[in-house]
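Residue-level structural notes
What follows is each chain in one-letter form.
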Amino acid sequence: MSIKNGLPGQMKLSATLAAELNPASPVIMAGDPAEKIAQASGLGYDSIELHWADPAQIPFAVISAACRENQMEISAFATGRAYVQDGLSLIHEDSDNRTAAIIRLKDFVDAASPYEATVIIGCIRGNLPSEAARGSALERLAHSTQIIAEYAQARNVGIVFEAINRFENNYLNTAQETAAFIRENNLPNTKILLDTFHMNIEDADMSKAIHDCGDLLGYVHIADSNRHFAGTGHINFIEIIHALKAVNYQGCISAECLPLPDSEAALSGWIRGVKYAFQEGYDGKS
Ligand code: LER
Ligand code: MN
């Protein structure tokens, strides 16, 4: 991927895109994909992260043409809407639901393959129906993820598994326990996604969490403590960038924040906040 964000190092910046904006959902752009991709490119983003419930509904022709025209890539496919909108879950007690979730994720892998994009497993892992179900749910999750990861590996698509705060998913909340789940199950081709909004709730020391993940870190979502763009809350992004540099992270950093006060302001504010953190946390400091 060509990097045009002007930042030191190899990290790429991505802007989230969906069909529609929802003030409760952390996606920064929606609407005409051609217009939005050109706008993000003009601000210095390198790529887009797509948030759709089903890849069959994604307007790929328009998106591909706009990406080509604006030297943009598709960094990743977020899949949480398949859980939130369609109720699909990788740990569901109903095996038909679980199978449908696996098939949906395979569809996302097929969609991602020509773009060499990553597939995100986040909310689609579902919620525990009860604490007593934790053991069996984790077994089902490992089994489902293994199937998807092997399918993705054969198609040269990376999988990232996201640590999510307790109010959205009631298990695997900290970076440490999520990394342990990936490592202990030897999930092939699977790295961890760290999202600063979730980390601020779950991880006592965000820099240490990044260091502990080390080369397992595969993708980063950046939103501030209030889930608005970087610089509007109390997360210390200088420390975050410093930690990413220390573990030699060379992947994508994505603007998964609320489109507030409006999409345009969030899009330009996010990149301004992240560039400031890079200047202070990356340049001139080891
Ligand atoms: C997904 O990346 C995520 O962070 C969820 O909180 C989305 O609602
Ligand atoms: Mn996220």
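Residues numbered from 1 in each chain as written. Chains lettered and ligands numbered in written order. Predicted model: local features only at pLDDT ≥ 70, side-chain atom pairs only at ≥ 80, totals over all residues. Heavy atoms only, no water.

Another point: the overall build of the chain. Helix and strand counts for the chain come out as ten helices and nine strands. Dimensions along the principal axes, computed over C-alpha positions, put the chain at roughly 45 × 40 × 35 Å. Taking the contacts inside the chain whose residues are at least 6 apart along the sequence as the reference set, 76% of them involve residues at least 24 apart. Roughly 11,500 Å² of accessible area belongs to the chain as shown, and the carbon and sulfur atoms make up 48% of that amount. Distance between charge centres in the chain, computed from 21 positive and 35 negative side chains, equals 3 Å. (Helix = DSSP H or I, 4+ residues; strand = E, 2+ residues; numbered from the N terminus. Contact = heavy atoms within 4.5 Å. Areas by Shrake-Rupley, 256 points an atom, 1.4 Å probe, with all protein chains shown as cover. Lys, Arg positive; Asp, Glu negative; His and termini not counted. Charge placed at Lys NZ, Arg CZ, Asp CG, Glu CD.)

The next subject is the pairing of strand 6 (residues 159–162). Here strand 6 shows a buried face lined by Ile-159 and Phe-161 and a second buried face lined by Val-160 and Glu-162. Two strands pair when backbone bridges link them, and strand 5 (residues 118–121) and strand 6 are joined in this way by three bridges, in the parallel orientation. From the neighbouring strand, Val-119 faces strand 6, where its bridge partner is Ile-159. Between the parallel elements strand 5 and strand 6, the chain passes through helix 5 (residues 134–154) in a crossover that is right-handed. (Buried < 20%, exposed > 50% of the residue type's maximum accessible area, 1.4 Å probe, protein only. Pairing = 2+ DSSP bridges. Right-handed = clockwise from strand over helix to strand, strands pointing away.)

Soluble globular proteins tend to pack their nonpolar side chains together in the buried interior. Counting 94 residues, the largest nonpolar core has Ile-28, Tyr-45, Ile-48, Ile-63, Leu-244, Ile-253 and Trp-270 as its most contacted members. Ignoring any residue separated from it by four or fewer positions in sequence, one finds Ile-48 in contact with Ser-14, Ala-15, Leu-17, Met-29, Ile-37, Ile-63, Cys-67, Met-72, Glu-73, Ile-74, Ser-75 and Ala-76. (Core = buried A, V, L, I, M, F, W, Y, C linked by side-chain atoms within 4.5 Å.)

Within the protein, Glu-162 (OE), Asp-195 (OD), His-221 (ND1) and Glu-256 (OE) serve as the donor atoms for the manganese ion (ligand 2), at 2.1 to 2.3 Å. Taken together, the six donor atoms coordinating the manganese ion (ligand 2) and their angles of 70 to 173° define a geometry best described as octahedral. For the manganese ion (ligand 2), the single-chain donor residues occur in sequence as E-x32-D-x25-H-x34-E. Pair noted here: Asp-195 is in strand 7 (residues 190–195) and Glu-256 is in the loop between strand 9 (252–255) and helix 10 (263–281), with a separation of 61 residues, a long-range link. (Donors = N, O, S within 2.8 Å, 3.2 Å for Na, K, Ca; no water. Tetrahedral: all angles 85-135°; square planar, octahedral: opposite > 155°, others 65-115°.)

So, about the packing of aromatic side chains. In this structure the tally under the stated criterion is five aromatic pairs. Above the plane of the ring of Tyr-171 lies Arg-125, whose end atom (NZ or CZ) is 5.2 Å from the centre. (Phe/Tyr/Trp six-rings, centres within 6.5 Å; stacked < 30°, edge-to-face > 60°. Lys NZ or Arg CZ within 6 Å of the ring centre and 35° of its normal.)

Following both chains from N to C, one finds helix 8 (residues 206–213) and helix 9 (residues 237–246) inclined at 15°, their axes separated by 9 Å at the closest point. Classed by the angle they form, the pair helix 8 and helix 9 counts as roughly parallel. Relative to helix 9, the crossing made by helix 8 is right-handed. Counting all contacts with helix 8, which are made through Met-206, Ser-207, Ile-210 and His-211, the residues of helix 9 involved are Glu-239, Ile-240, Ala-243, Leu-244 and Ala-246. Partitioned by chemical class, the residues of the contact of helix 8 with helix 9 number six nonpolar, two polar and one charged. (Axes fitted to C-alpha atoms, helices over the stretch in contact; angles between N-to-C directions. Parallel < 35°, antiparallel > 145°, perpendicular 65-115°, else oblique. Left-handed = near helix turned anticlockwise from the far one by under 90°. Nonpolar A, V, L, I, M, F, W, Y, C, P; charged D, E, K, R; others polar.)

All right, on to the site of ligand 1 then. In the vicinity of ligand 1, the contacting residues are Pro-26, Cys-123, Glu-162, Glu-168, Asp-195, His-198, His-221, Arg-227 and Glu-256. In the model, an oxygen atom of ligand 1 is placed 2.6 Å from a nitrogen or oxygen of the Glu-162 side chain. Protein chains bury 83% of the 260 Å² of accessible surface belonging to ligand 1 in isolation. For the shell around ligand 1, the class distribution of residues is two nonpolar, two polar and five charged. (Near = heavy atom within 4 Å. Polar contact = N/O pair within 3.5 Å; in protein donor to acceptor, adjacent residues only side chain to side chain.)

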